[in-house]
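# Structural characterization, general
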Amino acid sequence: MVIGAIKIKIYIPWAHSLKEKRMVVKSICAKVRNKFNVSIAEIGEQDVHQTIVLGVSCVTTDNAQADSIIDHVINFIESSTEGSIIQIEREIF
């Protein structure tokens, strides 16, 4: 069993309230969960208006597959979000 995990920090400069931020977070989480069947949640900086910190994890049978899923999730978030990814931390267990 191999566990792939990433922590993604996204900057959204146009969000001026927590309501706007949470709208974006819910949208990203729902899209990623439905498309890739991974676990995703907001894991940090929940009271900061313009910064989103998401944690994503997957369980697979080998390292290559976990790496591939993580790459696809990162590319999907980059292409479907108006914000910019400012930090990615990746781990494979």
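Look a little higher up for the structure.
A few points on the structure.

The rules behind these values
- Per chain, residues are indexed from 1 in the order of the written sequence.
- pLDDT decides what is reported in this predicted model: residues at 70 or higher carry local features, side-chain atom pairs at 80 or more are listed and counted, and totals for whole chains, interfaces and linings draw on all residues regardless.
- The basis for every side-chain value is the complete set of heavy atoms in the structure, and neither hydrogens nor water enter the calculation.
- The way it works is that DSSP assigns letters per residue, a run of H or I at least four long becomes a helix, a run of E at least two long becomes a strand, and they are numbered from the N terminus.
- By definition here, a helix of n residues has an expected span of 1.5 Å times n minus one.
- Burial classification: accessible surface area is computed with a 1.4 Å probe over protein chains only, and a residue below 20% of its type maximum counts as buried, one above 50% as exposed, and the rest as partly exposed.
- What the arc describes is the spread of directions from the helix axis to the C-beta atoms.
- In this analysis, two residues are considered to be in contact whenever any of their non-hydrogen atoms come within 4.5 Å of each other.
- In this scheme, patches are assembled from residues that exceed 30% relative accessible area and form no salt bridge. Like charges are connected within 9 Å, while nonpolar side chains (Val, Leu, Ile, Met, Phe, Trp, Tyr) are connected within 5 Å.
- Note on areas: these come from Shrake-Rupley sampling with a 1.4 Å probe, and a residue is covered only by the protein chains present in the view.
- Salt bridge, as used here: a side-chain nitrogen of Lys or Arg that lies within 4 Å of a carboxyl oxygen of Asp or Glu.
- Here, nonpolar core refers to any group of buried Ala, Val, Leu, Ile, Met, Phe, Trp, Tyr and Cys residues whose side-chain atoms link them within 4.5 Å.

## Looking at helix α2 (residues 63-80)
- Taking 1.5 Å per residue as the helical rise, α2 with its 18 residues ought to reach 26 Å, and the 26 Å between its terminal C-alpha atoms agrees with that figure.
- Considered for burial, the residues of α2 that qualify are Ala-66, Ile-69, Ile-70, Val-73, Ile-74, Phe-76 and Ile-77. What you see down the axis of α2 is that its buried residues fit within an arc of 165°, all on one side. Looking at α2, the residues exposed on the side facing more than 90 degrees away from the buried face are Ala-64 and Ser-79.
- Buried residues along α2 sit in contact with β1 (2-11), α1 (18-36), β3 (51-60) and β4 (84-92).

## Overview of a nonpolar patch on the surface
- On the surface, a cluster of nonpolar side chains totalling about 470 Å² of accessible area is made up of Met-1, Ile-3, Val-59 and Phe-93.
- On the secondary structure map, Phe-93 appears in the segment after β4.

## What to know about the side chain of Thr-60
- Within the element layout of this structure, Thr-60 appears in strand β3.
- The class of Thr-60 is buried, set by a relative accessible area of 8%.
- Ignoring anything within four residues of it in the chain, the contact list for Thr-60 reads Met-1, Val-2, Gln-65, Ala-66 and Ile-69.

## Considering the nonpolar core
- Judged by nonpolar contacts, the single largest core of 25 residues is most densely connected at Ile-10, Ile-28, Val-32, Leu-54 and Val-73.
- Only β1, α1, β3 and α2 provide two or more residues apiece to this core.
- Discounting residues that sit within four places of it in the chain, Ile-10 has contacts with Ile-28, Gln-50, Thr-51, Ile-52, Leu-54, Ile-77, Thr-81, Gly-83, Ser-84 and Ile-85.

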